Amino acid sequence: MRMKNRLISAVLTICILTGVCLTGLSVSAAYTPDFAVNSEIALLVDLESEKVIYSKEPDKPWYPASLAKIMTCLITLEQIPDEELSTTMMTASVDVYNELYGQGASSAGIEVGDTTSALDLLYGLMLPSGCETALILADNIGQGDTYEERTSDFVRMMNEKAQELGCSEQTRFMNAHGLHDPDQMVTANDLWKILKYAIETYDRFLEISTALTYTMHATGKNGETRDISTSHSNYMLREKMYGEDNKYYSPYVQGIKTGTLDAAGRNLVTMGSDKGVSYILITMGAPAKYENGDPIADNLSFLDHKNLFNWVFKSFELKTVYEKSSTAAQVNVSLAKDKDTLLLNP
């Protein structure tokens, strides 16, 4: 009787595994968009099933630019309990601005000596991509007697977290803000691992990284509240620009982070959602200039995301194949006592 039961179990296992394998192949291997993707690197992943819908050089290391701030945000959420983010106050030291001087760094408007909550700093980090907020967080969270020791310790945490999440040796962080360092690299596959963990572990991460606007509380030198926005850097979130329809606008897109450097080109991570389905799209290396150095008028990173989301939401839809209570099939069986057929259920 044990042999008969094992035979039936084997039949069921083969049926189930065959279905799973065919589904995986049909999604990841058979679908390719009918347009060119401008970015050097791209990775489009179904957030729930984790199936890769489209990829282009996902293991190629690339300068992250401000995409490094995704890991800065994650480390901050790891180190400060959620209920303490709004009450943990941090002061901006002059060392922060000495490090950023002359680099053309993006700013959230925090000034030397300002005292700001960790929560406000995180919004300043992810929405206007403030480089000073990244260093204020690193300076206050890292351990050490000097500014250099504290910010280096924060970078150590970034790299240790990357290793813990299974990132490859090609991914390495050198600073918290993402400004150019020749040794600072990430791959799209590794960035996906970081994003997946952040989204699954911290509701606050998605809340911050997909926010359109946020009201910063008054700080030391800035005695009034002020609104910050992500749509000034991510044009995909603005339906109108200068009173006219915005060609980059996508109704699917939410957040998450932009990043641009001369050495990196244009990098972008967004989440696209429609009818209960969400995708994460990572692109890096969209050219910003022609080979002769002239600027490219179009933001090719935004166009890649708009095209890929239009394609995926028009090509795929969520369907119920079987309900749990339904019968998938009836199969013939041999060697079973008093049974010639067996009903297969999901």
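Each chain has its residues counted from 1, following the order in which its sequence is written. At least 70 in pLDDT is required for a residue's local features to be given in this predicted model, at least 80 for side-chain atom pairs to be given and counted, and no such filter applies to totals for whole chains, interfaces and linings, which use all residues. The basis for every side-chain value is the complete set of heavy atoms in the structure, and neither hydrogens nor water enter the calculation.

(A) Representation of the packing of helix H4 (residues 118-126) against helix H5 (residues 131-141) in the model. In this analysis, axes come from line fits to C-alpha atoms, helices being fitted only over the stretch in contact, and the angle between any two N-to-C directions falls in the range 0 to 180 degrees. Numbering of helices and strands runs from the N terminus; a helix is a DSSP stretch of H or I covering at least four residues, while a strand is a stretch of E covering at least two. For the pair H4 and H5, the least separation of the axes is 8 Å and the interaxial angle reads 140°. By the criterion of interaxial angle, the relationship of H4 to H5 is oblique. Where H4 crosses over H5, the handedness of that crossing is left-handed. Taken together, the residues of H5 that come into contact with H4 (itself represented by Ala-118, Leu-121, Leu-122, Gly-124 and Leu-125) are Thr-133, Ala-134, Ile-136 and Leu-137. Looking at the contact of H4 with H5 residue by residue, the class counts come to seven nonpolar, two polar and no charged. Each angle is binned into one of four classes, with values under 35 degrees roughly parallel, values over 145 roughly antiparallel, values of 65 to 115 roughly perpendicular, and all other values oblique. In this scheme the handedness of a crossing depends on how the near helix is turned from the far one: anticlockwise by less than a right angle means left-handed, clockwise means right-handed. Should any heavy atoms of two residues lie within 4.5 Å, those residues are counted as being in contact. Three categories are distinguished: nonpolar for Ala, Val, Leu, Ile, Met, Phe, Trp, Tyr, Cys and Pro, charged for Asp, Glu, Lys and Arg, and polar for the others, with Gly belonging to the last.

(B) Up close: the nonpolar core. Note on terminology: a nonpolar core comprises buried Ala, Val, Leu, Ile, Met, Phe, Trp, Tyr and Cys residues joined through side-chain atoms within 4.5 Å. In this scheme, a residue with accessible area under 20% of its type's maximum is buried, one over 50% is exposed, and one in between is partly exposed, where area comes from a 1.4 Å probe on protein chains only. If you look at the biggest cluster of nonpolar residues, it comprises 71 residues, and the most contacted ones within it are Met-126, Leu-195, Phe-205, Val-269, Ile-280 and Ile-282. In contact with Val-269, other than residues within four places in its own chain, are Leu-67, Ile-70, Leu-191, Leu-195, Gly-255, Ile-256, Lys-257, Ile-280, Leu-281, Ile-282 and His-305.

(C) Inspection of unusual backbone geometry at higher detail. Residues Gly-255 and Ile-256 are joined by a peptide bond in cis, for which omega reads -5°. Looking at the element boundaries, Ile-256 is found in strand E9 (residues 253-261). In this structure, Ala-65 takes a positive phi of about 55° despite not being glycine. Positionally, Ala-65 belongs in the loop between strand E2 (52-56) and helix H2 (68-79). Despite not being glycine, Leu-335 shows a phi value in the positive range, around 70°. Take Leu-335: it is sitting in the loop between strand E12 (329-332) and strand E13 (341-344).

(D) Region of interest: the sheet that holds strand E1 (residues 41-46). Strands are treated as partners if at least two bridges between them are detected by DSSP. Across the sheet, which stays open at both edges, the five strands sit in the order E2-E1-E11-E10-E9 with antiparallel pairing between neighbours. Pairing within the sheet leaves two strands with one partner each, and these edge strands are E2 and E9. Neighbour-to-neighbour, the strand axes of this sheet turn through a mean angle of 5°, independent of strand direction. Taken strand by strand, helix H7 (residues 188-201) contacts E1, E9, strand E10 (265-274) and strand E11 (277-286), and its axis lies near 145° from that of E11.

(E) Just the environment of Tyr-279, in detail. Within the secondary structure layout, Tyr-279 lies in strand E11. Along the sequence, Tyr-279 and Ile-53 sit 226 residues apart, while their C-alpha atoms lie 9.2 Å from each other. Beyond its immediate sequence surroundings of up to four residues, Tyr-279 is in contact with Leu-44, Val-45, Asp-46, Leu-47, Ile-53, Thr-270, Met-271, Gly-272, Phe-309, Val-312, Phe-313 and Phe-316.

(F) Here's a closer look at the side chain of Thr-133. Here Thr-133 is to be found in helix H5. As used in this structure description, the phrase polar contact means that two N or O atoms lie within 3.5 Å; if the pair is within protein, one of them must be able to donate a hydrogen and the other to accept it, and residues adjacent in sequence are counted only when both atoms belong to side chains. At a separation of 2.6 Å, a polar atom in the side chain of Thr-133 contacts the main-chain carbonyl oxygen of Gly-130. Not counting the four nearest positions on each side in its chain, Thr-133 is found in contact with Ala-108, Ile-110, Leu-121, Gly-124 and Leu-125.

(G) Spatial organisation of H7. In a helix, the anticipated span is given by 1.5 Å times the number of residues less one. In a regular helix each residue adds 1.5 Å, so 14 residues correspond to 20 Å; H7 covers 20 Å between its end C-alpha atoms and thus fits that length. Of the surrounding elements, those touching the buried residues of H7 are E1, H2, helix H8 (203-209), E9, E10 and E11.

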